[in-house]
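# Per-entry structural report
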Amino acid sequence: MAKIPRNFRLLEELEKGEKGIGDGSCSYGLEDGDDIMMSNWNGTIIGPGHTVHENRIYSLKIHCGASYPDDPPTVHFISRVNLPFVNQANGKVELTKLNVLAKWNRESSIETVLVSIRREMAAFNNRKLPQPPEGSVF
């Protein structure tokens, strides 16, 4: 099977991200439309209902390195959040603590990362974790 070049893959992801994902609870796009390498992205997650995250909007920065999609992107929360896989000093999502990043494969995408993070927010162990004040940032 032919390997899709990085930029073709990222163009596909950009198109999909601009259209929105499913119910609109996650979205993503390029940080700078002039970024020809398509490396730096912004992501947004709307907190899942019936959790401490409900009605909160979380902003993230996503960086797709030169070896993406062979290697996972780096993901940082801009919005403060208390989750076991987020470094509380800098907002970085720890690769080894979030399954979608720890078990990364070429079929994974920015979308699968954001959806996975949102799913983790709703998980039994995370849904009631005390959270920093809304609007606080790393």
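Computed from a predicted structure; not experimentally measured.

### Remarks on the pairing of strand 4 (residues 74–77)
In strand 4, alternate side chains face the same way, and those of Val75 and Phe77 are buried while those of Thr74 and His76 on the opposite face are not. Pairing analysis gives four bridges linking strand 3 (residues 57–63) to strand 4, with the strands arranged antiparallel. Bridge pairing in strand 4 links Ile62 to Val75.

### Topic: a nonpolar patch on the surface
A cluster of nonpolar side chains, Ile4, Phe8 and Leu11, forms an exposed patch at the surface whose accessible area comes to about 300 Å². Here Leu11 shows up in helix 1 (residues 6–19). Owing to a relative accessible area of 45%, Leu11 belongs among the partly exposed residues under this scheme.

### Description of the sheet that holds strand 1 (residues 26–30)
In any sheet, the strands associate via hydrogen bonds between backbone groups, in a parallel or an antiparallel arrangement. On the basis of which strands lie adjacent, the open sheet formed by four strands has the order 1-2-3-4 and antiparallel pairing. With partners counted over all chains shown, the strands left at the sheet margins are strand 1 and strand 4, one partner each. For this sheet the average axis-to-axis angle between neighbouring strands, irrespective of direction, equals 25°. Pairing geometry for strand 2 (residues 40–46) and strand 3, over seven bridges, is antiparallel. Bridge assignment links Asn42 to a residue of strand 3, and that residue is Lys61. Strands strand 1 and strand 2 of the sheet are contacted by helix 1, whose axis makes an angle of about 130° with strand 1.

### Some words on the layout of surface pockets
The computed volume of the largest pocket comes to approximately 270 Å³. Surrounding the largest pocket, 13 residues form its lining, Ile4, Arg9, Glu12, Arg106 and Glu107 being those nearest its centre. Counting residues per element, the lining of the largest pocket draws most heavily on helix 1, at four residues. Looking at the lining of the largest pocket residue by residue, the class counts come to four nonpolar, one polar and eight charged.

### Quick word on the pattern of salt bridges
All chains considered together, the criterion is met by five salt bridges. Notably, a salt bridge pairs Glu111 with Lys16, separated by 3.0 Å at the nearest N-O pair. On the criterion of sequence distance, the pair formed by Glu111 in helix 3 (residues 110–122) and Lys16 in helix 1 is long-range, its members being 95 residues apart. Take Lys16: its relative accessible area is 45%, and that puts it in the partly exposed class. Note that Arg106 and Asp70 form a salt bridge whose closest N and O atoms lie 2.7 Å from each other. One end of the pair, Arg106, is in the loop between helix 2 (99–102) and helix 3; the other, Asp70, is in the loop between strand 3 and strand 4, with 36 residues separating them in the sequence.

What counts, and at which threshold
Residues numbered from 1 in each chain as written. Predicted model: local features only at pLDDT ≥ 70, side-chain atom pairs only at ≥ 80, totals over all residues. Heavy atoms only, no water. Buried < 20%, exposed > 50% of the residue type's maximum accessible area, 1.4 Å probe, protein only. Helix = DSSP H or I, 4+ residues; strand = E, 2+ residues; numbered from the N terminus. Pairing = 2+ DSSP bridges. Patch = residues over 30% accessible without salt bridge, like charges linked within 9 Å, V, L, I, M, F, W, Y side chains within 5 Å. Areas by Shrake-Rupley, 256 points an atom, 1.4 Å probe, with all protein chains shown as cover. Salt bridge = Lys/Arg side-chain N within 4 Å of Asp/Glu carboxyl O. Axes fitted to C-alpha atoms, helices over the stretch in contact; angles between N-to-C directions. Contact = heavy atoms within 4.5 Å. 1 Å grid on protein atoms, 1.4 Å probe; cavity = no way out; pocket = protein on both sides within 12 Å on 5 of 7 lines; lining within 4 Å. Points joined across faces, edges and corners; volume = space filled by probe spheres on them. Nonpolar A, V, L, I, M, F, W, Y, C, P; charged D, E, K, R; others polar.

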